[in-house]
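# Observations on chain architecture
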Amino acid sequence: MTSFDCPICVSGRSAGYAVIDGYPYFTCAQCGSIHIDPDVIAMLDAGGSLVGDYTEEYWQQERVGAIERASGVSLCRAGEAILYCRRPVRRFLDLGAGPGFLLQELHRLIDPSAEIFHGVEKYPPPYAASCPNFHIGGIEALEGRFDAGVCIEVVEHLTPRMLDRMLADLATVSEPGSLWLFNTGMPDYVRNEDPAYLDPRHRGHIISYSLAGVTPYFEAHGFRVSALPGRSFGFFVEFEPSESPEFDARLYHPVPENLSLLQRNGLLHQASFEAARFYYYQAEYMVRTQWALSLDEKLRGDARAPSR
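Position labels on residues start from 1 in each chain and follow its written sequence. Local features in a predicted model are, by the rule used here, given only for residues with pLDDT of at least 70; side-chain atom pairs are given and counted only at 80 or more, and totals for whole chains, interfaces and linings are based on all residues. Water and hydrogen atoms were dropped before computing side-chain values, which therefore reflect all heavy atoms in the structure.

Here the focus is the layout of surface pockets. Definitions used throughout: a 1 Å grid over protein atoms alone; a cavity as a set of points that fits a 1.4 Å probe which cannot get out; a pocket as an open set with protein on both sides within 12 Å along at least five of seven lines; a lining residue as one with an atom within 4 Å of a point. Grid points are joined across faces, edges and corners, and a volume is the space filled by probe spheres set on the points. Quantified by volume, the second largest pocket comes out at close to 250 Å³. Around the second largest pocket, the lining is made up of 16 residues, and of these D188, G230, R231, S232 and F233 lie nearest the centre. Looking at the lining of the second largest pocket, the elements with two or more residues in it are helix 6 (187-192) and helix 10 (266-304). Ten residues, namely Ala, Val, Leu, Ile, Met, Phe, Trp, Tyr, Cys and Pro, are considered nonpolar, four, namely Asp, Glu, Lys and Arg, are considered charged, and the remaining ones, Gly among them, are considered polar. Of the residues in the lining of the second largest pocket, the class split is eight nonpolar, five polar and three charged. Put simply, DSSP H or I for four residues or longer makes a helix, DSSP E for two residues or longer makes a strand, and each gets a number counted from the N terminus.

Moving on to helix 7 (residues 211-219). Among the residues of helix 7, those classed as buried are G213, V214, T215, Y217 and F218. It only takes one pair of heavy atoms within 4.5 Å for two residues to be counted as in contact. Of the surrounding secondary structure, the elements contacted by the buried residues of helix 7 are helix 5 (160-172), strand 9 (174-183), strand 11 (223-227) and strand 12 (234-239). Using a 1.4 Å probe on the protein chains alone, a residue whose accessible area is under 20% of its type maximum counts as buried, one over 50% counts as exposed, and one in between counts as partly exposed.

This part takes up the pairing of strand 9. With eight of ten residues buried, strand 9 lies mostly within the body of the structure. Pairing between strands is defined by DSSP: at least two bridges between them are needed. The pairing of strand 8 (residues 146-152) with strand 9 spans six bridges and is classified as parallel. In the sheet register, C151 faces strand 9, and the bridge partner there is F182. For a crossover, the right-handed case is the one in which the path from the first strand over the helix to the second runs clockwise, viewed with the strands pointing away from the viewer. A crossover links strand 8 with its parallel partner strand 9, the connecting element being helix 5, and its sense is right-handed. Bridging between strand 9 and strand 12 involves five bridges; their strand directions are antiparallel. What sits directly across from L179, in strand 12, is E238.

Structural measurements only, silent on function.
What follows is the structure, given as structure tokens:
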């Protein structure tokens, strides 16, 4: 198998990338996504599994990381989703909530009456949190619609067909203008920051979707996809948005109700804002650095050119 049609974007051609735990991975020359062998994708779509349907062994190895994320980076991602959303967030969903630790933290910090935050998980572990609004099952188990949410470390487990099905369901519970932040290792992250991210047998990470790779799937269900400045591990989408503000407007001029919600816990508000600002300025810095380097190279070239 030298090259073949990419199973993600279909129009591109995929060629060998690496062999991980005995499984070949490929990368698409057009969309840039990195994916496991298409035969494995077909097996998963037929109901097979690489990690035993997320059994107790899988969840035990994830437990420490889930605890750390729930009180750290996942909490910041939830805060950022609220900050960026252009409609008041009255209902928020953690999609693929795992053990529900993030939901538990959000209740503890800014929603003690459990009026706003929900979580949904198909395969919760035995040690899952016992807290209100933790729904067992798929999106079809939910009632009502949501204004914002996060989907953290989920889509890298999904085949294109599974992703498409999830987005069709997500559209049914999304309010117009709702914002969803997806945290997942994208190809630049895998190549440059964490080559071990793709992990078929232990964590079930089968695909590193690029922004170009996922965009058609989201657009088919009414979502607009936007990059997160400075991030190689996430993006955000909005369902049937009515406006398109610049990113700095989301950061510095949030919807007043959403700012008030975050400010119920000063530390969460500050952490979310500073995380967003750090990556935003890092992206701006990189753009200016590349411009300066290209200008310097042009000036050097002009200086080397023979005069006439």
